[in-house]
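Here are the chains, one letter per residue:
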Amino acid sequence: MSTRSNAARLDAVDDAAQAFEVRPLPGGIGAEIVGIDLGQTLNASDFARVHRAHLDHHVVVFRDQRITPQQHIDFSRRFGKLMIHVLHQFHLPGHPEILIVSNIVEDGKPVGLGDAGKYWHSDISYKPLPSLGSLLHAQELPSEGGDTLFADMHVAYDTLPAHLRDAIEGRQAVHSYLAKYGQMQKEANWRPTLSPEQLAQVKEVVHPVVRTHPETGRKALFVSEGFTTRIEGLPEDESQQILAELFAHSIKPEHIYRHQWREHDLVFWDNRSLIHLAAGTPAHLRRKLYRTTIEGDTPF
Ligand code: SIN
């Protein structure tokens, strides 16, 4: 075959659209995307549809994705640079862009981070450039439990009582990877002691309490029990009181989508719009997922 006809064939492959559907989930948060194969490179218009669905619904659930770690990474990279998690102990060997989230212990050693997501959080909000979004791909699921909950922080902001809205107007809050780290080390045995090099990667940062989504312009609360330690410029007791009220308001049942995992699901959420929580898995049941995390921009 000539070079010219090879090029034509590649164009044709690139142009091939996939016949997939975006189905909003009941409850107003999230959409299911069915009939797509993320193992194939999406053409520009399919990619634009997925991107739009992600912005509109904040969390999209791709069903039945039988993809390799490299395909998971390649799809994630189309949205931006991938972040390498500070806990290198739980990187997938050969693929440092993937964090293993798992409660499985083999030969006395945890294969992944067993208590990832135990407290509500937005991924990597403790960095100057927090995450745009995360993609979690089911590898092994328990027969019960193991759900992931997502809370809509735009709705949380829109429905804030006036006294909280006034209290946080123009304020900044401190985010720290270490906020719950010591407590989690005491509660269970998953978390290694951080080396000086790891500690140097997770110095605390300050972000606005209310951020504006850089792509949609919508405002969202940007604090979480997992990583936010105090509001700057307030006395400590007042800061703790307001944070406690903000945390409680954020996770009201009407703000939440509860994801019940199915085999080969890949779930892609927007960390600028949502916080999330791993609801927990009975200790005798195995759960393993692979996560990539996309870097976002400076919150404003
Ligand atoms: C995470 O917080 O990234 C993990 C969520 C989960 O395991 O459900």
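Reading the values: the criteria
- Throughout this document, residue positions are counted from 1 along each chain, in the order its sequence is written.
- Local features in a predicted model are, by the rule used here, given only for residues with pLDDT of at least 70; side-chain atom pairs are given and counted only at 80 or more, and totals for whole chains, interfaces and linings are based on all residues.
- Heavy atoms throughout the structure, all of them, feed into the side-chain values; hydrogens and water do not.
- By convention in these notes, a residue is near a molecule or strand provided one of its non-hydrogen atoms lies within 4 Å of it.
- Two N or O atoms form a polar contact when they lie within 3.5 Å of each other; inside protein one atom must be a possible hydrogen donor and the other a possible acceptor, and for residues adjacent in sequence the pair counts only when both atoms belong to side chains.
- For the area figures, the Shrake-Rupley method with a 1.4 Å probe applies, and any residue is considered shielded solely by the protein chains shown.
- Three classes are used, and their members are as follows: Ala, Val, Leu, Ile, Met, Phe, Trp, Tyr, Cys and Pro are nonpolar, Asp, Glu, Lys and Arg are charged, and the others, Gly among them, are polar.
- Pairs of strands are assigned from DSSP output, requiring at least two bridges between the strands.
- Segments assigned H or I by DSSP are reported as helices when at least four residues long, segments assigned E as strands when at least two residues long, and all are numbered from the N terminus.
- Under this scheme, a helix contributes an axis fitted over its contacting stretch, all axes are lines through C-alpha atoms, and angles between N-to-C directions fall in the 0 to 180 degree range.
- For every residue, the accessible area (1.4 Å probe, protein chains only) is compared with the maximum for its type, and the residue is labelled buried under 20%, exposed over 50%, or partly exposed between those bounds.
- Any Phe, Tyr or Trp ring, taking Trp's six-membered ring, that has another such ring centre within 6.5 Å forms a pair; planes under 30 degrees apart are called stacked, those over 60 apart edge-to-face, and the others tilted.
- Remark: a charge is flagged as sitting over a ring if the NZ atom of Lys or the CZ atom of Arg is within 6 Å of the ring centre and within 35 degrees of the ring normal.
- Just to be clear on terms, a salt bridge is a Lys or Arg side-chain nitrogen sitting within 4 Å of an Asp or Glu carboxyl oxygen.

Considering the site of the ligand
Around the ligand sit Val101, Ala116, Gly117, His121, Leu136, Thr148, His276, Ala278, Arg287 and Arg291, and those are all the residues in its vicinity. Take Arg287: an N or O atom from its side chain is 2.8 Å from an oxygen atom of the ligand. In the complex, the protein chains occlude 99% of the 260 Å² of accessible area that the ligand would expose alone. For the shell around the ligand, the residue count by class is four nonpolar, four polar and two charged.

Concerning the sheet that holds strand β11 (residues 205-208)
Sheets are built from strands that pair by backbone hydrogen bonding, the pairs being arranged parallel or antiparallel. Ordered by their spatial adjacency, three strands build an open sheet running β11-β10-β14, and the pairing between neighbours is antiparallel. Looking at the sheet topology across the chains shown, the edges are occupied by β11 and β14 (228-231). Each strand of the sheet is rotated relative to its neighbour by a mean of 35°, with strand direction disregarded. Where strand β10 (residues 172-175) meets β11, four bridges bridge the pair, whose relative direction is antiparallel. Across the sheet, residue Ala173 finds its bridge partner in β11, namely His207.

Let's talk about the pairing of strand β16 (residues 266-270)
Counting buried positions along β16 gives five out of five residues, so the element sits mostly inside the fold. Going residue by residue along β16, you find Leu266, Phe268 and Asp270 tucked away on one face and Val267 and Trp269 tucked away on the opposite face as well. When strand β3 (residues 59-62) meets β16, the two strands line up antiparallel, connected through four bridges. If you follow Val59 over to β16, its bridge partner there is Trp269.

What to know about the packing of aromatic side chains
Summed over the entire model, instances satisfying the criterion amount to 10 aromatic pairs. Measuring from ring centre to ring centre gives 6.2 Å for Phe150 and Tyr257, while their planes differ by 15°; the resulting arrangement is stacked. Within this pair, whereas Phe150 is found in strand β9 (residues 148-152), its partner Tyr257 is found in strand β15 (residues 256-259), the two being separated by 107 residues in sequence. Connected via pairs of aromatic rings, a cluster forms that spans Phe47, Phe62, Phe75, Phe79 and Phe268. The ring of Phe20 carries the charged tip of Arg49 above its face, separated from the ring centre by 4.0 Å. The aromatic ring of Tyr119 is capped on one face by Lys180, whose charged end is 5.0 Å from the ring centroid.

Some remarks on the pattern of salt bridges
A complete count under the given rule lists 18 salt bridges for this structure. Close ionic contact of Arg63 with Asp265 constitutes a salt bridge, the shortest N to O distance being 2.9 Å. Of this pair, Arg63 sits in the loop between β3 and α3 (69-77) while Asp265 sits in the loop between β15 and β16; the two residues are 202 residues apart in sequence, bridging distant segments of the chain. As far as the burial class goes, Arg63 and Asp265 line up, both buried. Of the charged contacts, one joins Glu97 and Arg77 as a salt bridge, the two residues approaching to 3.0 Å between their closest N and O atoms. A residue pair is termed long-range when its members are at least 10 positions apart, and Glu97 in strand β5 (residues 95-102) and Arg77 in helix α3 qualify at 20 residues.

Overview of unusual backbone geometry
A positive phi angle is found at Asp64, which is not glycine, with a value near 55°. By secondary structure assignment, the location of Asp64 is in the loop between β3 and α3. Unusually for a residue other than glycine, Ile124 sits at a positive phi of about 60°. Relative to the helices and strands, Ile124 resides in the loop between β7 (109-110) and β8 (131-140). Under the relative-accessibility criterion, Ile124 is labelled buried at 5%.

Quick notes on the pairing of β3
Residues Val59 and Val61 point to one face of β3 and Val60 and Phe62 to the other, with burial holding for every one of them. Taken together, the three bridges between strand β2 (residues 31-34) and β3 define a ladder with parallel strand orientation. Across the sheet, the residue bridging to Ile33 is Phe62, located in β3.

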